Amino acid sequence: MKLNFLTVVVFSCWATFVSAQDPIFIVRDRIGTVKEGSIQRISSANSLEMLSADGKSFTLTNPVYLSRKNTVSPKFPQSRALWLLNDDCIKFEDLLMKDDSFEFESSDFVSGSKTLVPLLDTKMIWLKNPLGILDPVSYRNKILNEIRLKDFVVLNNAERVDGVLESLGAKNAVLDSGTAKSEYKSDSIAVIGLSSDDNSKKEKAIEGVSLVLDSGTRITLAEFNLSMGILEGKTMQGTKVRIPIAKIQQAVFLGKSVVRIQELKNIKLRQVPFFETPMEAKGVKATKNSDFLISGSSYSNGFSTMGSTSITFLLEGKYQKLCGFFGFDDIDGRRGRADIKLLADGKVIASWADRTWKDGLGSLDLPLAGTKALSLVVEASVGSKINWCECLFFLAD
């Protein structure tokens, strides 16, 4: 009896110690349940084993969103970022070109480990902002959306030179323009772009979990398993990574039954940004490579509405649930005010009156079974830029 008692005491102390040392996460599941605790194990996208603050173990099924408690998610890296084919980006140190791959270290991965990413899986290396570029984010996104047959380098003065990247070392890079081979000092280069003619031939894996890490790294894993505080997995391109759980700031669990809002077709959009004349558009320009800022945190999948807006999503009864976040933009939405409604086949299923930037982050958790058309109606004043982030539709069973 004494031994059993001591065993219980020791286990209880160990559980309390682990709870105190491990990062605490807030997790929201598919039915809207919110739980808090440390993550002990993730064996699939459908189940989390967690430990509460008082040392009690529990399992949360069908998690959707996970975020670190009492922190804000960082923006995209502004320098030394490797951009992959699916617009994921990894903050790196000491990147070198070795044969047909880039080798680098990252502070977000297990210390001392080197990562190899094939050149064919890489879109761009953003080393720093080129001088004279007034809007680096728009410039970066333009490059990410290009389809190009050649590599290129952008020098510090924003001059762009096309060719074939032959080498990239710690001190120098060599680019073959076809007429001559030019050598550049590495510290004179701001951006390197890789050819993208083979991108469309790659078979796409199913997204498992999308992560935001401490440095601002955005990475999506097709396979993953968490054990002993280390998340091991493979990226969408098959690269193996090992990430300490303490480096994770935010996660979105995906899978076969999840459709991001930007993947929907037949979207009808009508906006009245600042004047009385409405503008018609063919679709929502949702993106995953920009910072959507709400309450100090950056979200990387979403779209924005400006002023009064009406959007209709034709769902055709295919979806059973909508989850997501929304809120006024931290920069361009501080002065606005809006009334917001969501209607399923013309019936109001959610509404927010007199919403402002001070209301912070709002959540979407709406049943949609049988819904043919979902309408978002925003009646807003000038300065009402609202961000809609990580909006996910769940397919009906």
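Structural data are supplied above this passage.
Residues numbered from 1 in each chain as written. Predicted model: local features only at pLDDT ≥ 70, side-chain atom pairs only at ≥ 80, totals over all residues. Heavy atoms only, no water.

Participant: Teacher, can you tell me more about the overall build of the protein chain here?
Facilitator: Counting its secondary structure elements, the protein chain contains two helices and 34 strands. A total of 397 residues make up the protein chain; the buried ones form 50% of that total. Residue pairs at least 24 apart in sequence account for 64% of intrachain contacts in the protein chain once pairs closer than 6 positions are excluded. Taken as a whole, the protein chain presents about 19,700 Å² of accessible surface, with 53% of it coming from carbon and sulfur. (Helix = DSSP H or I, 4+ residues; strand = E, 2+ residues; numbered from the N terminus. Buried < 20%, exposed > 50% of the residue type's maximum accessible area, 1.4 Å probe, protein only. Contact = heavy atoms within 4.5 Å. Areas by Shrake-Rupley, 256 points an atom, 1.4 Å probe, with all protein chains shown as cover.)

Participant: Explanation requested: unusual backbone geometry in the structure shown.
Facilitator: Outside of glycine, negative phi angles account for most residues, and trans bonds account for most peptide bonds. One non-glycine residue, Asp-94, adopts positive backbone phi at about 55°. Inspection of the secondary structure puts Asp-94 in strand β8 (residues 93–98). Among the residues examined, Asp-94 registers a relative accessible area of 55% and is labelled exposed.

Participant: Is there a simple way to think about the sheet that holds β8 in this case?
Facilitator: Two strands in a sheet stick together by hydrogen bonds in their backbones, pointing the same way (parallel) or opposite ways (antiparallel). Strand order across the open sheet formed by three strands is β8-β9-β10, with antiparallel pairing between neighbours. Because the sheet does not close on itself, it has two edges, and the strands there are β8 and β10 (115–118). For this sheet, the mean angle separating the axes of adjacent strands, direction not counted, is 25°. Note: β8 against strand β9 (residues 101–105), four bridges, orientation antiparallel. Its bridge partner lying in β9, Met-97 is registered against Phe-102. (Pairing = 2+ DSSP bridges. Axes fitted to C-alpha atoms, helices over the stretch in contact; angles between N-to-C directions.)

Participant: Is there a simple way to explain the nonpolar core in this structure?
Facilitator: A general trend in soluble globular proteins is that nonpolar side chains are found buried together. Counting residues in hydrophobic clusters, the biggest one holds 47 residues, and the most contacted among them are Ile-39, Phe-102 and Leu-211. At four residues, strand β18 (residues 218–227) tops the list of elements feeding residues into this core. Sequence-distant contacts of Leu-211, that is, excluding residues within four places in its chain, are made with Thr-217, Arg-218, Ile-219, Leu-221, Leu-231, Ile-243, Ile-248, Gln-250 and Ala-251. Core analysis: the next-biggest nonpolar cluster, separate from the first, contains 27 residues, Ile-267, Phe-303, Tyr-319 and Trp-352 among them. (Core = buried A, V, L, I, M, F, W, Y, C linked by side-chain atoms within 4.5 Å.)

Participant: What am I meant to see in the packing of aromatic side chains here?
Facilitator: Think of a pair of aromatic rings as described by two things: how far the centres are apart, and how the planes are tilted against each other in angle. Under the counting rule described, the total for this entry stands at eleven aromatic pairs. Summarising the aromatic geometry, the rings of Tyr-65 and Phe-325 are spaced 4.5 Å apart at their centres and angled 55° between planes, so their arrangement reads as tilted. With Tyr-65 in strand β5 (residues 63–68) and Phe-325 in strand β29 (residues 319–328), this residue pair connects regions lying 260 residues apart in the sequence. Neither Tyr-65 nor Phe-325 differs from the other in exposure class; each is buried. Taking the centre distance of 4.7 Å and the plane angle of 65° together, the rings of Phe-326 and Trp-352 count as edge-to-face. On the criterion of sequence distance, the pair formed by Phe-326 in strand β29 and Trp-352 in strand β31 (residues 347–356) is long-range, its members being 26 residues apart. By relative accessible area, which is 1% here, Phe-326 ends up buried. Residue class for Trp-352 comes out buried when judged on its relative accessible area of 19%. Through a chain of ring-to-ring contacts, the aromatic side chains of Phe-303, Phe-326, Trp-352 and Trp-388 assemble into a single cluster. The ring of Phe-76 has Arg-140 lying over it, and the distance from NZ or CZ to the ring centre is 5.2 Å. The ring of Phe-152 carries the charged tip of Arg-160 above its face, separated from the ring centre by 3.7 Å. (Phe/Tyr/Trp six-rings, centres within 6.5 Å; stacked < 30°, edge-to-face > 60°. Lys NZ or Arg CZ within 6 Å of the ring centre and 35° of its normal.)

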